[in-house]
Amino acid sequence: MNATTPVLSQTGLGQFEIASLDVSAAQRVRDEAEAAWRWLALPLDLPVAGFSSPIFVRLIPAETWSEPSPFRVVAEPGGVVSLRLRWSEVTTVVEVRRALVQALLVRMSVAAHGVNAYLIIPSWLQEACVEWWRIRAEPAHADALQQESAALAPPALEVVLQVDRGLFQSRQLQVGAVWLLAWLQAESGSAGEWALYRSRLLAGADPEVALAECFSGRFADASERELWWQTGWHHLRRARTQPQLGSVEARAALTDLARFVFMVGEADAVVPLRSILSRRAETVVKAALAERRAELQRLLPALHPFYLNAGLALADCFAPTLKAQDLELKVAEFAREWDDALDLEATSRAALDQWVAPRSK
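Position labels on residues start from 1 in each chain and follow its written sequence. Only residues with pLDDT of 70 or above have their local features reported here, since the model is predicted, and side-chain atom pairs are shown and tallied only from 80 upward, although totals for entire chains, interfaces and linings are computed over all residues. The side-chain numbers reported here are obtained from all heavy atoms of the structure, hydrogens and water having been left aside.

## Looking at the overall build of the chain
Here's step 1: Secondary structure elements follow DSSP: runs of H or I no shorter than four residues count as helices, runs of E no shorter than two count as strands, and numbering proceeds from the N terminus. Looking only at helices and strands, the chain has 14 helices and 7 strands in total.
Here's step 2: Its C-alpha radius of gyration of 22 Å places the chain within 12% of the 21 Å reference for a compact globule of 361 residues.
Here's step 3: Seen through its C-alpha atoms, the chain measures out along the principal axes to roughly 70 × 55 × 40 Å.
Here's step 4: In this description, contact between two residues means that some pair of their heavy atoms is separated by no more than 4.5 Å. At a minimum sequence separation of 6, the contacts of the chain that also span at least 24 residues come to 67%.
Here's step 5: Accessible areas in this description were obtained via Shrake-Rupley with a 1.4 Å probe; residue shielding takes into account the shown protein chains only. Of the roughly 17800 Å² that the chain leaves accessible, carbon and sulfur atoms contribute 56%.
Here's step 6: Between the mean site of the 36 positive side-chain charges and the mean site of the 43 negative ones, the chain shows a separation of 3 Å. Radius of gyration here uses only the C-alpha atoms, and the compact-globule reference equals 2.2 Å multiplied by the residue count raised to the power 0.38. Asp and Glu count as negative and Lys and Arg as positive, but His and the ends of the chain are not part of the count. Each charge is placed at NZ for Lys, CZ for Arg, CG for Asp and CD for Glu.

## Looking at the pairing of strand S2 (residues 16–22)
Here's step 1: Only protein chains enter the area calculation, which uses a 1.4 Å probe; residues under 20% of their type maximum are buried, those over 50% are exposed, and those in between are partly exposed. The element S2 is largely enclosed, with a buried count of 6 among its 7 residues.
Here's step 2: For two strands to pair, DSSP has to find at least two bridges joining them. Pairing between S2 and strand S3 (residues 55–61): 4 bridges, direction parallel. Counted as the bridge partner of Glu17 is Phe56 from S3.
Here's step 3: Crossover S2 to S3 through helix H1 (residues 23–44) is left-handed. The definition of a right-handed crossover adopted here requires that, viewed with the strands pointing away, the path from the first strand over the helix to the second runs clockwise.

## Description of helix H2 (residues 93–113)
Each turn of an α-helix holds 3.6 residues, which means side chains three or four residues apart point in the same direction.
Here's step 1: By this rule the span expected of a helix is its residue count minus one, scaled by 1.5 Å. In a regular helix each residue adds 1.5 Å, so 21 residues correspond to 30 Å; H2 covers 30 Å between its end C-alpha atoms and thus fits that length.
Here's step 2: A large share of H2 lies buried, amounting to 15 of its 21 residues.
Here's step 3: Phi turns positive one or two residues past the end of H2, at Gly114, with a value near 80°.

## Section: the packing of aromatic side chains
Here's step 1: Stacked, tilted and edge-to-face pairs are distinguished by plane angle, under 30 degrees for stacked and over 60 for edge-to-face with tilted covering the rest, among Phe, Tyr and Trp rings (Trp via its six-membered ring) whose centres lie within 6.5 Å. Inspection of the entire model under this criterion finds 10 aromatic pairs.
Here's step 2: Each ring, one from Trp183 and one from Trp228, has its centre 6.1 Å from the other, and the planes form 55°; the classification is tilted. With a gap of 45 residues between them, Trp183 in helix H6 (residues 171–187) and Trp228 in helix H9 (residues 222–238) connect regions that are remote in the sequence. For the residue pair Trp183 and Trp228, the accessibility class agrees, reading buried in each case.
Here's step 3: An angle of 55° between the planes, with centres 5.5 Å apart, marks the rings of Tyr307 and Trp338 as tilted. Placement of Tyr307 in helix H13 (residues 305–318) and of Trp338 in helix H14 (residues 327–356) is noted, with a sequence separation of 31 residues between them. A single burial state applies to Tyr307 and to Trp338, both of which are buried.
Here's step 4: An aromatic cluster is defined as three or more aromatic residues linked by ring pairs; in this entry it consists of Trp183, Trp194, Tyr197, Phe215, Phe219 and Trp228.
Here's step 5: Lysine NZ or arginine CZ positioned within 6 Å of the ring centre and within 35 degrees of the ring normal marks a charge as sitting over the ring. For the cation-ring pair, Arg292 lies above Phe260, with the distance from its terminal atom to the ring centre recorded as 4.2 Å.

## Things to note about unusual backbone geometry
Here's step 1: The phi dihedral of Asp45 is positive, around 55°, even though this residue is not glycine.
Here's step 2: Note that Asp45 resides in the loop between H1 and S3.

## Side note on the packing of helix H4 (residues 140–150) against H9
Here's step 1: Axes, fitted as lines to C-alpha atoms, cover a helix only where it is in contact. Angles between the N-to-C directions of the axes lie from 0 to 180 degrees. Two numbers describe how H4 lies on H9: the axes approach to 8 Å, and their chain directions differ by 130°. Overall, the two elements H4 and H9 adopt an arrangement that is oblique. Between H4 and H9 the crossing geometry is left-handed. Judged by residue contacts, Gln146, Ser149 and Ala150 of H4 engage Trp233, Leu236, Arg237 and Arg238 from H9.
Here's step 2: For the contact of H4 with H9, the per-class residue count stands at 3 nonpolar, 2 polar and 2 charged. Geometric relationships in this document are graded by angle, where less than 35 degrees denotes roughly parallel, more than 145 denotes roughly antiparallel, 65 to 115 denotes roughly perpendicular, and other angles denote oblique. In a left-handed crossing the near helix is turned counterclockwise from the far helix by less than a right angle, and in a right-handed crossing that turn is clockwise. Classes in brief: Ala, Val, Leu, Ile, Met, Phe, Trp, Tyr, Cys and Pro nonpolar; Asp, Glu, Lys and Arg charged; the others, Gly included, polar.

## Brief notes about the environment of Leu312
Here's step 1: Structurally, Leu312 can be placed in helix H13.
Here's step 2: The exposure class of Leu312 is partly exposed, given its relative accessible area of 40%.
Here's step 3: C-alpha of Leu312 to C-alpha of Gln297: the two residues are 15 residues apart in sequence and 9.2 Å apart in space.

If you want it as structure tokens, here you go:
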């Protein structure tokens, strides 16, 4: 459906604001924007309260697009970051995700370092975030990535860190980028090496120099650095762990799935789950529930144990066979399981903090 004036859609406060003449396009990009924040919050340490101003996303009809690339991210002197994205029915999910990731990284850079001449987002970090997003959104893809990696040789670390954006069509480099992102997080200790390195990258530092400075003690020279990196590649591709979301990621995923935003009057508004289910026969609501149901079914096998029962209860709410007389019961059951999950997570965190505190002195 097309509108005569732009439709504005927002994710969370200080996250993304999407404007489009095409209502369905705005909805699709908003869903992807919510997912970007959800799955990249952990590796990028996105601010819980959002940025001081959102990332302004503008969907431009393909017939009026005149630039060579499919999207453009701009950081203005005042700190506002905007994303202009070419849009048509054939715009791919990967294009949308790359655009949103680049916009997020630019917004992080501006928030930490302001707008300056060194604002260049490393190609490997952008590609790594896109692949990381897919791994977390589709847990089975982690296994597929490990199998794919078995047939690939690890690319030289120098090549991954310094490669130009246009050369990232190489699957070997894409896989190398996401394994590097995972390895740097795994190697980061209490000193917060990954957070420091990420900040240095977004400030425009040379990636190789910054790596040696932030991850000191891991290697003494280039040859040791390469061995360190290849050890990480092979460790990650062989690790036999069940792909599972952490409690924070599971909580964020279920929060988004249970949160419905619809146009009410001339503005977006959050509609309570109970109200959504009571209107589940309406075409738009029925389609939204079907989409959420499919996404939840993909996530259930990977949900953290704290949140599994809440996920199952939400699946009952989304079930097409839900009867009117059972609606209140199922919504109340989800609310109970949700509260129990939050209590479990909080209790576990408090116990861990109490155990760690004496040992950190």
